[in-house]
Amino acid sequence: PDFSAATEGYDESKVFDFEGYIAAVEHAAEVKAQVQTAYDAVNFDEYEAAEYLEICELYELALEDIEGALTVEEVDAVVAELNGALANYLTKAQAAARRTELVNQLADYVAALDSTKYSEEDWTSIAGLRDGFANTIAGMTKADELSAAYDAVKAQIDAFGTDGDGETDNGGGCSSS
């Protein structure tokens, strides 16, 4: 029998790319071994229990997705997504260091403000936000939670002493011309 066939009339986009698939399978096997090695290296003691379980779940889902990937690009996308998600998880030591860094950053920010541009009541509130920030973030262990908490308290502080347009509100409605 003649196994040659004319390709006229065939839609190439519907023809399965076996060479690409073989490359993806080989790439997936290599990447899966690397991901499994990284997964095996995750130390329970370095993380809070809930975060450790979430990290394990991320790795397990990634390993499944790598197994089912049909192209090299799909494999790489799974790894990129995994790495992006893992970047949010901090070890206990990293989280403690980040909390300290943010508390100090907020203290420096408040120290740089000119207290004379705020009412006494507003300045007391600003100091209270600064002083309470460490308690606010005490149990936080994820990078995005910590950043969001810092941004939120900084926005609260920035809202004091302004009249809504970013200009300092000195409390008076009259000006001399």
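A brief structural summary. Given the structure is predicted, the values throughout are model-derived calculations rather than measurements.

## Points about the packing of helix α2 (residues 49-68) against helix α3 (residues 72-86)
Across the interface, α2 lies against α3 with an axial gap of 9 Å and an inter-helix angle of 175 degrees. Taken together, the axes of α2 and α3 are roughly antiparallel relative to one another. Every residue of α3 that contacts α2 at Ile-55, Leu-58, Tyr-59, Ala-62, Asp-65, Ile-66 and Gly-68 is listed here: Glu-74, Val-75, Val-78, Val-79, Leu-82, Ala-85 and Leu-86. Residue composition of the contact of α2 with α3, by class: 11 nonpolar, one polar and two charged.

## What about the packing of aromatic side chains?
A complete count under the given rule lists four aromatic pairs for this structure. When the ring of Phe-44 is compared with that of Tyr-52, the centres are 4.9 Å apart and the planes differ by 85 degrees; the resulting orientation is edge-to-face.

## What to know about the pattern of salt bridges
All chains considered together, the criterion is met by five salt bridges. Between Lys-32 and Glu-67 there is a salt bridge whose closest N-O contact spans 2.4 Å. A residue pair is termed long-range when its members are at least 10 positions apart, and Lys-32 in helix α1 (residues 18-40) and Glu-67 in helix α2 qualify at 35 residues. Taking the relative accessible area as the measure of exposure, Lys-32 reaches 28% and is therefore partly exposed. For Glu-54, the salt bridge is made with Lys-142, and the minimal N-O distance between the two is 2.7 Å. Taken together, the residues Glu-54 in helix α2 and Lys-142 in the loop between α5 (120-136) and α6 (143-159) connect sequence positions 88 residues apart. On the basis of relative accessibility, which here comes to 29%, the residue Glu-54 falls in the partly exposed class. We classify Lys-142 as buried; its relative accessible area is 13%.

Thresholds, definitions, all that
- Residues numbered from 1 in each chain as written.
- Predicted model: local features only at pLDDT ≥ 70, side-chain atom pairs only at ≥ 80, totals over all residues.
- Heavy atoms only, no water.
- Axes fitted to C-alpha atoms, helices over the stretch in contact; angles between N-to-C directions.
- Helix = DSSP H or I, 4+ residues; strand = E, 2+ residues; numbered from the N terminus.
- Parallel < 35°, antiparallel > 145°, perpendicular 65-115°, else oblique.
- Contact = heavy atoms within 4.5 Å.
- Nonpolar A, V, L, I, M, F, W, Y, C, P; charged D, E, K, R; others polar.
- Phe/Tyr/Trp six-rings, centres within 6.5 Å; stacked < 30°, edge-to-face > 60°.
- Salt bridge = Lys/Arg side-chain N within 4 Å of Asp/Glu carboxyl O.
- Buried < 20%, exposed > 50% of the residue type's maximum accessible area, 1.4 Å probe, protein only.

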